[in-house]
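Working through the structure, step by step
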Amino acid sequence: MSLRYGPGPWPEDAYRLPDDLPRPTGDEPFISSVVMDGIQSHHFGIEPDDDAVIEIADLLGRLVTGDPAHDDLLLLHDRLGTVSALGIADGLVDRIRRQRLPRDRIGAVGRHLAEHGTRRDAVKIGLVLLGACGDERDRELLLLLGTLEELTLYAVVALRRTQPDRQRATYELARRVRGWGRIHAVERLKGCDDPQIKDWLLRDGFRNGIMNEYLAHLAATTGDLYSALLEPDVDDALLDGAAGILAALALGGPAEDMGDYADAVPAMHRLADLLTDRRATLGRLDAVLRILAFLRKPGDDSPWPPDVVARLRHRYEDLVVRPRWNDLVLERLADPHHADFSHAMWAADRLRLQVVPQIVARLETDPLDDFAWYHAIGLATAEEAEQLSDLAERLLPLADLADGPGDRRGIGQEYKPDRALESVVGGLKAFPGIGLALIDVALRNRVTRTRRAALAALTTWPASAVPDEARNWVRRAASVEPHEETRTEMIDFLRHRP
């Protein structure tokens, strides 16, 4: 892998682990083991498996204290393949230490499992054993295996336990990964005092493929964001990093947020200073809009006095109304094929720009862009909503979408038409009487969420805007609805609007 793709990050689809299971077909949700490890370690806690720890420690003890046989190693490997590495890692290391098992032989077993294991949890425990009993000679192996997001958590812990330059080793691995691996590695750079690493945290280290919010506070504090912004030569990369960090803090959760950042107020003021005369980009506009939305929230829970928040809010309100932002968004939306079209469309929605014609041009080239339908109907006037309804009837395969009911979630590429229909119908709540043909189809769609969007529109409309035929559609849909909660809502609708 490293010969083909370099040190990393590697493409997500570039490799398969030997024990990968086939992904479920259809729209069944899929959570990979690397995602599950990340969620468990950050949100749900780790349930220790004490019985497995005792059994595996005994297997390991027999292997390293007696006359080892190959079958003993196979038995250990296969047993490790049936457990959760997260559930036994800490307990196993503790038991190994208390039993005073020979470090060199434990390290040799860990090295063998890491290099030759064919079950992911066996390889993970191999890395755990290397962290407990390996040494600096294992550096390249740990970096190589850690470049696989599946193994980063275990490799970075092992690096920090075995390498004399633990900060640099962690930094080297962190740059090789982008998803949960980046989060696991960067979290272990908290409090780092290396100037190069601190600079990297502010410019790029906080970015990851999961949520920047996980690492934004760490980057701001460990990287000393506010001091960096006070330097006289803040370059574009640092400015963009600062904007991204403060935007992530403004979004809040799932980690520390703006209220936890001691320098939040002066940092936001300084960012506004710097953005006043700097080049407009969609990334910078995104940050301004997210920070402004944060400052406009009700202030009951604000950590700062109302006058402090008001001053900041006014600054960002003055900043966002500058014409260069609108000009930038409109320029990106002028080309329906522009790579930044979706990003610009989001900004146009927040700025309440009248860009429905530009989005229509996009839909003519990509009728199944549910994001475009969502923003178009959300920005539309009543007249434009009529036009969008007609456009949807022309562009969407409605005859194929009346294919339910079913209890489908609408996940996956094959459901793109269903999601497009849902996006249009979901926006019809604001336009009583418009799009009845779409609502008729949506009530017969295979995706539960799409049927509920159609019912929500009819429920929101005044009774005078709901024709008898629409009530008959709901009556027909309720008689065959497979989703219990949706069927109950349909019956309630008919009861209140017979």
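Residues numbered from 1 in each chain as written. Predicted model: local features only at pLDDT ≥ 70, side-chain atom pairs only at ≥ 80, totals over all residues. Heavy atoms only, no water.

1. Description of the overall build of the protein chain
Each helix and strand counted, the protein chain has 29 helices and 0 strands in total. Taken along the three principal axes of its C-alpha coordinates, the protein chain extends 85 × 60 × 45 Å. Scored against the burial criterion, the 498 residues of the protein chain give a buried share of 50%. Long-range pairs, those at least 24 residues apart, make up 72% of the contacts in the protein chain between residues at least 6 apart in sequence. A total of about 23400 Å² of accessible surface is found on the protein chain, and carbon and sulfur atoms cover 50% of it. If the 63 positive side-chain charges of the protein chain are averaged to one point and the 82 negative ones to another, these points end up 1 Å apart. (Helix = DSSP H or I, 4+ residues; strand = E, 2+ residues; numbered from the N terminus. Buried < 20%, exposed > 50% of the residue type's maximum accessible area, 1.4 Å probe, protein only. Contact = heavy atoms within 4.5 Å. Areas by Shrake-Rupley, 256 points an atom, 1.4 Å probe, with all protein chains shown as cover. Lys, Arg positive; Asp, Glu negative; His and termini not counted. Charge placed at Lys NZ, Arg CZ, Asp CG, Glu CD.)

2. Here's the deal with the pattern of salt bridges
Using the criterion set out here, one finds 37 salt bridges in the structure. Measuring nitrogen to oxygen at the nearest pair gives 2.6 Å for the salt bridge that ties Asp135 to Arg137. Arg278 is paired through a salt bridge with Asp236; the nearest N and O atoms lie 3.1 Å apart. Within this pair, whereas Arg278 is found in the loop between α16 (264-275) and α17 (282-295), its partner Asp236 is found in helix α15 (residues 236-251), the two being separated by 42 residues in sequence. Overlapping salt bridges bring together Asp37, Arg120, Lys124 and Glu150 as one network. (Salt bridge = Lys/Arg side-chain N within 4 Å of Asp/Glu carboxyl O.)

3. Things to note about α17
Spacing of three or four residues puts side chains on the same side of an α-helix, whose turn is 3.6 residues. In a regular helix each residue adds 1.5 Å, so 14 residues correspond to 20 Å; α17 covers 20 Å between its end C-alpha atoms and thus fits that length. The element α17 is extensively covered by neighbouring structure, given that 11 of its 14 residues are classed as buried. Every buried residue of α17 is listed here: Leu282, Arg284, Leu285, Asp286, Ala287, Val288, Leu289, Ile291, Leu292, Phe294 and Leu295. Buried residues belonging to α17 abut α15, α16, α18 (306-320), α19 (323-333) and α20 (341-351). (Expected span 1.5 Å × (residues − 1).)

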